[in-house]
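Per-entry structural report
The lines below spell out each chain.
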Amino acid sequence: MAREGLQIQGDFLAVERRLERLAMINFTAIHREIGEYILGTVHDRFKKGEGPDGKKWPASYRAKAEGGQTLVDTRHFQNSFDYRERPDRVDVGTNWPYARVHQEGRVIKPRKARALRFRIGDQWAVKKQVKIPARPVLGLNNEDQAEIREIVAEAIRRAIE
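Report follows, based on the coordinates. (Residues numbered from 1 in each chain as written. Predicted model: local features only at pLDDT ≥ 70, side-chain atom pairs only at ≥ 80, totals over all residues. Heavy atoms only, no water.)

1. Description of the layout of surface pockets
Going by this rule: In this analysis the probe radius is 1.4 Å and the grid spacing 1 Å, with only protein atoms considered; a cavity is a set of points the probe fits into but cannot get out of, a pocket is an open set with protein on both sides within 12 Å along at least five of seven lines, and lining residues have an atom within 4 Å of a point. Grid points are joined across faces, edges and corners, and a volume is the space filled by probe spheres set on the points. Counting from the N terminus, the helices are the DSSP runs of H or I reaching at least four residues and the strands are the DSSP runs of E reaching at least two. Residue polarity is assigned by list, with Asp, Glu, Lys and Arg as charged and Ala, Val, Leu, Ile, Met, Phe, Trp, Tyr, Cys and Pro as nonpolar; anything else, Gly included, falls into the polar class.
The space that makes up the largest pocket amounts to roughly 910 Å³. Elements with a contribution of two residues or more to the lining of the largest pocket: helix H3 (61-66), helix H4 (76-79), helix H5 (99-104), strand S4 (116-120) and strand S6 (130-132). Of the residues that constitute the lining of the largest pocket, the class distribution is 16 nonpolar, four polar and eight charged. Here the second largest pocket is characterised by a volume of approximately 180 Å³. Along its surface, the second largest pocket is lined by 13 residues, and Asp44, Arg45, Lys48, Glu50 and Asn141 are the ones closest to its centre. Elements represented by at least two residues in the lining of the second largest pocket include exactly helix H2 (27-48) and helix H6 (142-160).

As structure tokens, then:
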């Protein structure tokens, strides 16, 4: 009985070259592009005053009393965000000490005093506790995820062309 075989013809050298280029993708460069994109979304969120989910941040006491935008009085917080690209990932974040409080929200209580004392505009306020609502800055929504997928897909397309 004769064996039937499968015969494939084609330009295997071209396929091999594309696979080699695919293996040489610079992931650090891709992560740098993703980091730049995410940093841009962070700055957009400060401009719009909204989280990754599109919900507006609750206005701060200062913004209500003095006008202006929540979390952008001095722009130190906004400008503290940065990214670090590596071959295996990109890290985006801030070293600003109160970032987590604003990202997640928290009730602030005095540690040693009987009350918190702080200034709002020209007035001093004394409170036993203050609830800081969550005002998330970091996070990926569906649009962000689609854009990151496109960044990766474009890098693959460039590599195999």
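Don't stop here, the text continues.
2. Digging into the pattern of salt bridges
As a working rule, side chains carrying opposite charge can pair if their charged atoms are close by. Here is the rule: Criterion for a salt bridge: a side-chain nitrogen of Lys or Arg within 4 Å of a carboxyl oxygen of Asp or Glu. Per-residue accessibility, obtained with a 1.4 Å probe over protein chains only, is compared with the maximum for each type, and a residue is labelled buried under 20%, exposed over 50%, and partly exposed between these values.
Scanning all chains against the criterion turns up nine salt bridges. For Arg45, the salt bridge goes to Asp144, with nearest N and O atoms at 2.6 Å. Of this pair, Arg45 sits in helix H2 while Asp144 sits in helix H6; the two residues are 99 residues apart in sequence, bridging distant segments of the chain. For Arg89, the salt bridge identified is with Asp88, shortest N-O distance 3.6 Å. Classification of Arg89 as partly exposed rests on a relative accessible area of 35%.

3. Describing the side chain of His31
What counts, and what does not: Polar contacts, as counted here, are pairs of nitrogen or oxygen atoms within 3.5 Å of one another; within protein the pair requires one atom able to donate a hydrogen and one able to accept it, and residues that are adjacent in sequence qualify only if both atoms are side-chain atoms.
Turning to its location among the elements, His31 is positioned in helix H2. Judged by its relative accessible area of 12%, His31 falls in the buried class. Among the polar contacts listed, one links the side chain of His31 to the backbone oxygen of Arg86, at a separation of 2.7 Å. Within the structure, His31 has its side chain in polar contact with the backbone nitrogen of Arg89 (distance 3.4 Å).

4. So, H6
Our working definition: The span you would expect from a helix comes to 1.5 Å times its residue count less one. The directions considered for the arc run from the helix axis to the C-beta atoms.
With 19 residues, H6 should reach 27 Å at 1.5 Å per residue; the first-to-last C-alpha distance of 27 Å fits that figure. Within H6 the residues assigned to the buried category are Asp144, Ile148, Ile151, Ala155 and Ala159. The buried residues of H6 occupy an angular sector of 70° when the element is viewed end-on, so they sit on one face. The exposed set on the far side of H6, more than 90 degrees from its buried face, consists of Asn142, Glu143 and Arg149.

That's the geometry; what it means functionally is another story.
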